[in-house]
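# What the coordinates show
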Amino acid sequence: MGAHPPTLLRAARLLDIDKGELVEPAEVLVEGEHIAEVGRPARLPEGTVVRDLGDVTLLPGLMDMEVNLFLGGPDHRSPLIPVQEDPAVRTLRAAANARRTLRRGYTTVRNLGLFVQTGGVLLDVALKKAIDLGWVEGPRVVPAGHAIAPTGGHLDPTMFQALAPGVLPLTVEEGIANGVPEVRKAVRYQIKYGARVIKVCASNGVMSHTGPAGAQQYSDEELRAVVDEAHRAGVKVAAHCMGDSAIRAAVEAGIDCIEHGFLASDATLDLMVERGTFLVATTYLTEGMNTRHADPALKAKAADVFPRARESTSRAIRRGVKVALGTDAPAIPHGKGALELLALVDRGMRPLQALRAATTVAAELIDADDRGRLRAGLLADIIAVPGDPLADLSVTERVCFVMKGGQVYRDDTSGS
């Protein structure tokens, strides 16, 4: 990738995410991949390109902390586990989803876990490399490699469609691990080949044939082994977790982030606050996920769990749990992250809180102090939306400008 010329972005306003204030008018000088200056520069470097974006608000690039780019859309018609797809087709699908995600304003994502046969290849690490090299358009990817689950666990792929024995068997390297030695080997394998977060399945799920949604699947000893292996390598752990006792076990084991957390009690939420454990609530899917064609048993489980999950997210917000935005796409279509922002507001967040969930809180979750704000020295991951997002967060559904690392990937503004 060649160097980008210095660029001055001019807009009607920008959001200071820390102060929660709009700054009017806005100028941001970008040099190379980073923001050089925020505010009117005293001078412009030679060759600076001035882009007057018009009546828009500049925001930091948004971040989605729970996606699987290798499943679902762009047309969103594929089944959850399309067993007919080989790893090559699946990766091409992910490239299309990555492009859509970036152009909707999401400049960083966590890809939380493959659960398919790949011969041990970490497809999301390969996708990250291709994006970083500029071969493919997409967000910055924090890859998990293969999700780690027990036999018969929620992310054992045979459990989604209740497949017969012998269909779609996965190796330890591909994430199916039982007992402490296998769990340690699975974690070490993912990290060896490029995983930057570990995804573990700590409880049953809703949309799989694993029994009650909240039951703990890995033992306390196995969960502690996952955390021990990951943390010694400087890698965080995210746990798919639904039930209250399973969430508590995961938090006490030292897991860094709970995905979903649908059935958490107040006492467990308070423990998460005490320990600093993050929650990625994926709350929009509880009202927007299409379950019409699901097995009747799974539809009944969703009808029971989803209303309680919405209420649990509201309690987590009220109690001060650190909530980072995640969509669980393709549970909702890729590129529809704004629906999750709006759902967080519906659950009790202010628009500013929801935007922080997708910027500063998400950056803290992934230990990325180089993004999440419009500030000199940080990565030039910048988007623009029409209007005032603090007054009307739905403007995030109409992202009209996307820059990642100083390169423009979308410009539908009046100044383009």
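Rules behind the numbers
Residues numbered from 1 in each chain as written. Predicted model: local features only at pLDDT ≥ 70, side-chain atom pairs only at ≥ 80, totals over all residues. Heavy atoms only, no water. Helix = DSSP H or I, 4+ residues; strand = E, 2+ residues; numbered from the N terminus. Buried < 20%, exposed > 50% of the residue type's maximum accessible area, 1.4 Å probe, protein only. Lys, Arg positive; Asp, Glu negative; His and termini not counted. Salt bridge = Lys/Arg side-chain N within 4 Å of Asp/Glu carboxyl O. Polar contact = N/O pair within 3.5 Å; in protein donor to acceptor, adjacent residues only side chain to side chain. Contact = heavy atoms within 4.5 Å. Phe/Tyr/Trp six-rings, centres within 6.5 Å; stacked < 30°, edge-to-face > 60°. Axes fitted to C-alpha atoms, helices over the stretch in contact; angles between N-to-C directions. Parallel < 35°, antiparallel > 145°, perpendicular 65-115°, else oblique. Left-handed = near helix turned anticlockwise from the far one by under 90°. Nonpolar A, V, L, I, M, F, W, Y, C, P; charged D, E, K, R; others polar. Pairing = 2+ DSSP bridges.

## Observations regarding the side chain of Asp124
- For Asp124, the location among the structural elements is in helix 2 (residues 123-132).
- For Asp124, which is buried and forms no salt bridge, the nearest opposite charge comes from Arg196, at a distance of 10.0 Å.
- Of the polar contacts made by the side chain of Asp124, one reaches the backbone nitrogen of Ala144; its length is 3.0 Å.
- With sequence-adjacent residues up to four places away left out, Asp124 is seen in contact with Phe70, Asn111, Leu114, Val141, Pro143, Ala144 and Gly145.

## What about the side chain of Thr360?
- Looking at the secondary structure, you find Thr360 in helix 11 (residues 360-365).
- Taking relative accessible area as the criterion, Thr360 reaches 12% and is therefore assigned buried.
- Sequence-distant contacts of Thr360, that is, excluding residues within four places in its chain, are made with Ile17, Asp18, Gly372 and Arg373.

## Quick word on the packing of aromatic side chains
- Applying the stated criterion across every chain yields a total of two aromatic pairs.
- For the pair Tyr189 and Tyr193, a centre-to-centre distance of 4.8 Å together with 55 degrees between the ring planes defines the contact as tilted.
- Tyr189 sits in the buried class, given a relative accessible area of 19%.
- Since its relative accessible area comes to 40%, Tyr193 is described here as partly exposed.

## A closer look at the packing of helix 3 (residues 179-192) against helix 4 (residues 220-232)
- Packing of helix 3 against helix 4 brings their axes to within 9 Å, and their N-to-C directions diverge by 30 degrees. Compared by their axis directions, helix 3 and helix 4 come out roughly parallel. As helix 3 packs across helix 4, the resulting crossing turns out to be right-handed. Across from Gly179, Val180, Val183, Arg184, Val187, Arg188 and Ile191 in helix 3, the residues of helix 4 making contact are Glu221, Glu222, Ala225, Val226, Asp228, Glu229, Ala230 and Arg232.
- Within the contact of helix 3 with helix 4, the residues separate by chemical class into seven nonpolar, one polar and seven charged.

## Quick word on the environment of His4
- Looking at the element boundaries, His4 is found in the segment before strand 1 (7-11).
- On a C-alpha basis, the gap between His4 and Val30 in space is 9.2 Å, while along the polypeptide they are 26 residues apart.
- When sequence neighbours within four positions are dropped, the list of residues in contact with His4 reads Gly32, Gly405, Gly406 and Gln407.

## Considering the environment of Gly326
- Note that Gly326 resides in the loop between strand 15 (322-323) and helix 9 (337-346).
- Given a relative accessible area of 0%, Gly326 falls into the buried group.
- In this structure, the C-alpha to C-alpha distance between Gly326 and Met63, residues 263 residues apart in sequence, is 8.0 Å.
- In this view, Gly326 contacts Asp64, Met65, Glu66, Val280, Thr282 and Glu340; residues no more than four positions away in its chain are not counted.

## Topic: the pattern of salt bridges
- In this structure the tally under the stated criterion is 31 salt bridges.
- With its nearest N and O atoms 3.7 Å apart, the salt bridge here joins Arg99 to Glu137. Pair noted here: Arg99 is in helix 1 (residues 87-103) and Glu137 is in the loop between helix 2 and strand 10 (140-143), with a separation of 38 residues, a long-range link.
- One salt bridge in this structure joins Arg248 and Glu252, with 3.7 Å as the shortest N-O distance. Remark: Glu252 and Arg248 occur in helix 5 (residues 244-253); sequence separation between them is four residues, near one turn of the helix.
- Residue class for Arg248 comes out partly exposed when judged on its relative accessible area of 28%.

## Quick look at the sheet that holds strand 7 (residues 56-60)
- Ordered by their spatial adjacency, six strands build an open sheet running 3-2-7-16-17-18, and the pairing between neighbours is mixed. Here the strands that pair on one side only, and so sit at the sheet edges, are strand 3 (21-23) and strand 18 (407-411). Averaged over all adjacent pairs, the angle separating strand axes in this sheet is 25 degrees, with direction ignored.
- Alignment of strand 2 (residues 13-16) against strand 7, held across two bridges, turns out to be parallel. Bridge assignment links Arg13 to a residue of strand 7, and that residue is Thr57.

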